[in-house]
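What the coordinates show
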Amino acid sequence: AGLVYATVKVMNAFRRLYAAQQETAQRLAEALKAKSDFIADASHELRTPLTVLRGNAQLALAVDSSCAHAELLGEILREANRLSRLVEDLLLLARADAASLPLVRERLAVGPFLAGLADRAAALAREHGASLRAALEAEGWLEVDPVRIEQAVLALVDNAAKYGPRGGVVVLSSEIRGDELVIEVVDRGPGIPPEHLPLVFERFYRVDKARSRARGGAGLGLPIAKTIIAAHGGRIEAMSHPGQGTTMSVFLPLAAPASVPQPSSARG
Ligand code: ADP
């Protein structure tokens, strides 16, 4: 009887411990949700006044771009644009945290999609004084939100071009490996030291704060790219050799090859 009593006591203790753990987990989930709701709401509210600010600065510059205050207005517009990008980034991350990132998925042929992406990547690289070499061989189909995937890959191209040497070359390549599309962005820039490599996907993380700040980065480019790719069931892998360059590889699951005719279903 003593043994039975002891066993029941231990089981009850376990039960209480389990219930307490469940409650803590639920409280934690609620607190995290409240946090991402707050960031999402705040970002959303910041959008409108920022749009007005940017619109007015643009208008004032359009009316008289040679006025005495043109330089100040230009500065206001640049900073307001930067703030807008930051707000959009925070909104995206908060929505992804709340598992409510809206994805408008489309069925896309990989070839034409990547060709369009390469054009925009080339323009982006040029903005940083770099050039883009595209080696796109992949075929197949994707079922993704093209705007978001482009945003993610362009964030990688942006980094490759802005951290690489001026006049450097960024390589954008793609291939099929198994049932995945692999898109690689390669630069021959300064690279990322190994102790920083696992951290660069953390929010607001910058390896060299002075260098990043000078180039306008807030440390959200890689977390955003990772979040977008993860929301599509894919992943990003970073490989870097200091002094030699960086390779960022995006893995995306391919969609079924051909549109197999679906059995027609009658409604009535
Ligand atoms: P940022 O907006 O500062 O570029 P990211 O999240 O895109 O933020 O990148 C985080 C940090 O990782 C950067 O600040 C930079 O130090 C480093 N980094 C990212 N990509 C590269 C790259 N291709 N070459 C060298 N450093 C990089």
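Please refer to the structure higher up on the page.
About the thresholds
Residues numbered from 1 in each chain as written. Predicted model: local features only at pLDDT ≥ 70, side-chain atom pairs only at ≥ 80, totals over all residues. Heavy atoms only, no water. Helix = DSSP H or I, 4+ residues; strand = E, 2+ residues; numbered from the N terminus. Expected span 1.5 Å × (residues − 1). Buried < 20%, exposed > 50% of the residue type's maximum accessible area, 1.4 Å probe, protein only. Salt bridge = Lys/Arg side-chain N within 4 Å of Asp/Glu carboxyl O. Axes fitted to C-alpha atoms, helices over the stretch in contact; angles between N-to-C directions. Left-handed = near helix turned anticlockwise from the far one by under 90°. Contact = heavy atoms within 4.5 Å. Nonpolar A, V, L, I, M, F, W, Y, C, P; charged D, E, K, R; others polar. Patch = residues over 30% accessible without salt bridge, like charges linked within 9 Å, V, L, I, M, F, W, Y side chains within 5 Å. Areas by Shrake-Rupley, 256 points an atom, 1.4 Å probe, with all protein chains shown as cover. Pairing = 2+ DSSP bridges. Core = buried A, V, L, I, M, F, W, Y, C linked by side-chain atoms within 4.5 Å.

For helix α2 (residues 70–97), with 28 residues, the first-to-last C-alpha span of 40 Å sits near the 40 Å given by 1.5 Å per residue. Listed as buried for α2 are Ala70, Leu73, Gly74, Leu77, Ala80, Ser84, Val87, Leu91, Leu92, Leu93 and Ala94. At the exit of α2 stands Ala99, carrying a positive phi of roughly 55 degrees.

On to the pattern of salt bridges, then. Summed over all chains, the structure comprises 13 salt bridges. Of the charged contacts in the structure, one is a salt bridge between Arg203 and Asp97, with a shortest N-O distance of 3.0 Å. A residue pair is termed long-range when its members are at least 10 positions apart, and Arg203 in the loop between β5 (180–187) and α5 (209–214) and Asp97 in helix α2 qualify at 106 residues. Look at Arg203 and you get partly exposed, because its relative accessible area is 37%.

This paragraph deals with the packing of helix α3 (residues 110–127) against helix α4 (residues 146–163). Running from N to C, α3 and α4 cross one another at 35 degrees; their axes reach a closest spacing of 10 Å. The two elements α3 and α4 meet at a crossing, and its hand is right-handed. Contacts between α3 and α4 pair Phe113, Leu117, Arg120, Ala121, Leu124 and Ala125 from the former with Pro146, Ile149, Glu150, Val153, Leu154, Val157, Asp158 and Ala161 from the latter. When the residues that make up the contact of α3 with α4 are grouped by side-chain class, the tally is 11 nonpolar, no polar and 3 charged.

A cluster of nonpolar side chains, contributed by Val10, Phe14 and Leu17, occupies part of the molecular surface with about 320 Å² of accessible area. If you trace the backbone, Val10 turns up in helix α1 (residues 2–63).

The next thing to look at is unusual backbone geometry. Of all residues except glycine, most have a negative phi; of all peptide bonds, most are trans. Even without being a glycine, Ala99 presents a positive backbone phi close to 55 degrees. Mapping Ala99 onto the fold places it in the loop between α2 and β1 (106–109). In this structure Ala99 comes out as exposed when scored by relative accessible area, which is 72%. Phi at Phe204 takes a positive value of approximately 65 degrees, unusual for a residue other than glycine.

As a further point, take the pairing of strand β3 (residues 141–144). Burial along β3 is one-sided: the face carrying Leu142 and Val144 is buried and the face carrying Trp141 and Glu143 is not. Pairing geometry for β1 and β3, over 4 bridges, is antiparallel. Considered in β3, the bridge of Ala109 is made with Trp141.

As a further point, take the nonpolar core. Core analysis: the biggest nonpolar cluster contains 46 residues, and Leu132, Val153, Leu172 and Val185 have the highest contact counts within it. Other than its neighbours up to four places away in sequence, Val185 contacts Val153, Leu156, Val157, Ala160, Val170, Val171, Leu172, Thr246, Thr247 and Met248.

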